[in-house]
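# Geometric and topological summary
Chain residues, written in single-letter form:
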Amino acid sequence: MEKMSVEQLKAVKEQTDLEVNLLQDSLNNIRTATTRLDLASAALHDLSLRPQGKKMLVPLTASLYVPGTLDDANKVLVDIGTGYFVEKTMVEGKDYCERKIHLLKSNYDQLLELASKKKTVADEAGAVLQAKLKQLAPQT
């Protein structure tokens, strides 16, 4: 990096800073998705403990609930993305949540490592840029 020009160093720093920010956004999205899946897994566990015929409120949206009755706690609808739902058994639903959580945590760890490396590159480029700017300052 020491052989790069000031303009090249600025470009490298800006690019790696942008990449770090994008990776941070992805990490936040993964954390949010993992939290949602943890809540879904807990809800499945809670649902499995309820007796058949139990009256409850069923969420249609985040803020709209309608009264309902539990017909069969062994069958659940699982949102597999983009508005598609699949009927699964309770065990399959829990397994789906756990597999997705494991996949997200694995992706999170990989992205975290990549973000750390990019941050190091950005910091190094910034330090070299500052040193070059200090060298140029007395000459002008």
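The structure this text deals with has already been given above.
As the structure is a prediction and not an experimental result, all values here were calculated from the model. All chains use their own residue numbering, which begins from 1 and follows the written sequence. Reporting of local features is limited, given that this is a predicted model, to residues whose pLDDT is at least 70; pairs of side-chain atoms are given and counted only at 80 or more, and all residues count toward the totals for whole chains, interfaces and linings. The basis for the side-chain values is all heavy atoms of the structure; hydrogens and waters are excluded.

### Observations concerning the overall build of the protein
Quick reminder of the rule: Runs of E in the DSSP output that reach at least two residues are strands. Runs of H or I that reach at least four are helices, and both are numbered from the N terminus. Here's how the labels work: a residue is buried when its accessible area is under 20% of the maximum for its type, exposed when over 50%, partly exposed in between, all with a 1.4 Å probe on protein chains only.
Scanning the protein from terminus to terminus reveals 2 helices and 4 strands. What you see in the protein, going N to C, is helices and strands ordered as α-β-β-β-β-α. For the C-alpha atoms alone, the extent of the protein along its principal axes is close to 85 × 25 × 20 Å. A burial count over the protein gives 23% of its 140 residues as buried.

### Quick look at unusual backbone geometry
Look at Thr82: it is not a glycine, yet its phi comes out positive at around 50°. With relative accessibility at 77%, the residue Thr82 sits in the exposed group.

### What to know about the pairing of strand E3 (residues 75-81)
For clarity, the threshold we go by: Being paired, for any two strands, means DSSP has found at least two bridges between them.
Both E3 and strand E4 (residues 84-89) contribute to a ladder of 6 bridges, which runs antiparallel. Paired with Asp79 across the two strands is Phe85, which belongs to E4. As consecutive antiparallel partners, E3 and E4 are separated by 2 residues, and within that stretch Thr82 has a phi angle of approximately 50°, a positive value.

### Digging into the nonpolar core
The cut-off we apply is this: Buried residues of nine kinds, namely Ala, Val, Leu, Ile, Met, Phe, Trp, Tyr and Cys, make up a nonpolar core once their side-chain atoms join them within 4.5 Å. Residues count as neighbours in contact if any of their non-hydrogen atoms are within 4.5 Å of one another.
Grouped together as the largest cluster of nonpolar side chains are 18 residues, with contacts concentrated most on Leu37, Leu44, Leu47, Val76, Met90 and Leu104. Looking at this core, the elements with two or more residues in it are helix H1 (6-48), E3 and helix H2 (90-139). Setting aside chain neighbours within four positions, we find Leu37 in contact with Cys97, Lys100, Ile101 and Leu104.

### Observations regarding the pattern of salt bridges
We apply this condition: Whenever a carboxyl oxygen of Asp or Glu lies within 4 Å of a side-chain nitrogen of Lys or Arg, that contact is scored as a salt bridge.
The tally for this structure, following the rule as stated, stands at 6 salt bridges. Asp17 serves as the salt-bridge partner of Lys13, at 3.0 Å between the closest nitrogen and oxygen. Linking Lys13 with Asp17, this pair stays in helix H1, spanning 4 residues, or about one helical turn. Residue class for Lys13 comes out partly exposed when judged on its relative accessible area of 24%.

### A short note on the environment of Met90
By the secondary structure assignment, Met90 is in helix H2. Along the chain, Met90 and Ala115 lie 25 residues apart, while their C-alpha atoms are 37 Å from each other. Residues contacting Met90, with those up to four places away along its chain left out, are Leu44, Leu47, Ser48, Ala73, Asn74 and Val76.

### Here's the deal with the environment of Val6
Tracing the backbone shows Val6 in helix H1. Its relative accessible area of 13% is what places Val6 among the buried residues. A sequence separation of 119 residues divides Val6 from Ala125, and the C-alpha atoms of the two residues are 9.9 Å apart.

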